[in-house]
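# Reading the structure
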Amino acid sequence: MISLEAVYSAADQIRGVADNTPMVPSAYLSRRSGTDFLLKLENTQSIGAFKLRGAWNAIAKLPADCNGVTCCSTGNHGRAVAFAAAQRGMQAVICMSELVPQAKIDGIKALGGKIRIVGRSQDDAQVESTRLVAEEGLVEIPPFDHPDVISAQGTIALEMLAARPDIKTILVPMSGGGLAAGVAMTAKALSSDVKVIGISMDQGAAMHQSLQAGKPVAVDEAPSLADSLGGGVGLNNQFSFALCQRYLDQTILVTEEEIRDAMQVLFFEDRIVAEGACVVGIAAFMSGKLPNPDGPVATIITGRNLDMHMFLDLMAGKDVRLGETIVKGRRYAG
Ligand SMILES: *Cc1c(COP(=O)(O)O)cnc(C)c1O
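Presented here is a report on the structure given in the accompanying data block. Just so it is clear, the structure is predicted and the values come from calculations on it, not from any experiment.

Conventions used here
Residues numbered from 1 in each chain as written. Predicted model: local features only at pLDDT ≥ 70, side-chain atom pairs only at ≥ 80, totals over all residues. Heavy atoms only, no water. Helix = DSSP H or I, 4+ residues; strand = E, 2+ residues; numbered from the N terminus. Buried < 20%, exposed > 50% of the residue type's maximum accessible area, 1.4 Å probe, protein only. Contact = heavy atoms within 4.5 Å. Axes fitted to C-alpha atoms, helices over the stretch in contact; angles between N-to-C directions. Parallel < 35°, antiparallel > 145°, perpendicular 65-115°, else oblique. Left-handed = near helix turned anticlockwise from the far one by under 90°. Nonpolar A, V, L, I, M, F, W, Y, C, P; charged D, E, K, R; others polar. Near = heavy atom within 4 Å. Polar contact = N/O pair within 3.5 Å; in protein donor to acceptor, adjacent residues only side chain to side chain. Areas by Shrake-Rupley, 256 points an atom, 1.4 Å probe, with all protein chains shown as cover.

## Comments concerning the environment of L132
- Of note, L132 is situated in helix α6 (residues 122–136).
- Looking at L132, the relative accessible area reads 0%, which means it is buried.
- The residues contacting L132, other than those within four sequence positions of it, are T70, V93, C95, R116, G137 and L138.

Below, the structure is given as structure tokens:
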């Protein structure tokens, strides 16, 4: 079900909509690492993140008379589902709790999604999404644990290795592991000597902890600069966990300070605005947790949807508050 053929067929499905993002060398990181250090710019996707690949592929395969789709992601997956459904003329109902910030609601509405606000937690939102499936015949589009989603995320590796077949190390930001599973499976099918490393923040790294435990486990969530990497892998995980277990060479965790520093490197050196989630690969390298990776090295800059006022504070060296915790400011000094 999830094979290289499925990845090629996903590539056909997403062509012209969610494919062919640029991959550029970082002059600074190449100098620091002594090898080509490449950035695959998924932040240039129309909805601002790679999740359009998976959502588009899954929604494109639904019958035209389907009643619409639903999901309960408030982040990049919700945006991708809203956009893809609107393009197909289907309704998308994005379920969220009343704690979700207005900016996220507005963003999804602007992409054509309908919003259903229920309860005060993600679990309440999930109950509503499940009800819409059972009672109104909507189709739920999962954010990572679905063959069409994983195959489409794998198209990123197709593009990377088509452009640079000599890539030896791929650094992949990891949450539910749909991206890591698709990229690792595809890269290993195309190249015999590429290593794929999954990277998360050190608090609430669900896939990392599940891999350590040998089965999907629940984790306590903590606020993070890499908010797109939060959330669990699902205790009934069907696909992404087993694929990550089979195909990832290693996982690495990085701290909030290391994420802050890597966001500054990407901004000041490469002039790129990106979410904390995107820079964990750079953070793993810069922090010395991945000494002397085999080159060429490539990482995926997964998205750009973040609070710009928070971002500007962080770039200016100011402290940033995330829920209860504070990430100390540090002025970038090269
Ligand atoms: C969803 C997401 C990830 C992680 O993807 P998974 O498939 O859940 O591991 C990484 N970065 C960004 C910006 C995302 O939106």
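On we go.
## Let's talk about the packing of helix α7 (residues 147–163) against helix α8 (residues 178–190)
- Contact geometry of α7 with α8 gives a least axis separation of 7 Å together with a crossing angle of 45 degrees. As far as their axial angle goes, α8 and α7 are oblique. The handedness of the crossing between α7 and α8 is right-handed. Across the interface between the two elements, I150, Q153, G154, I156, A157, L158 and L161 from α7 touch G178, L179, A181, G182, V183, T186, A187 and L190 from α8.
- Considered class by class, the residues forming the contact of α7 with α8 number 10 nonpolar, five polar and no charged.

## Comments concerning the site of the ligand
- Surveying the vicinity of the ligand reveals 16 residues, the closest of which are K51, N76, S175, G177 and T302.
- Note that an oxygen atom of the ligand is positioned 2.8 Å from one of the backbone N or O atoms of S175.
- Taking L179, its main chain carries an N or O atom lying 2.8 Å from an oxygen atom of the ligand.
- Coverage of the ligand by the protein chains reaches 97% of its 380 Å² of free accessible surface.
- Of the residues in the shell around the ligand, the class split is six nonpolar, eight polar and two charged.

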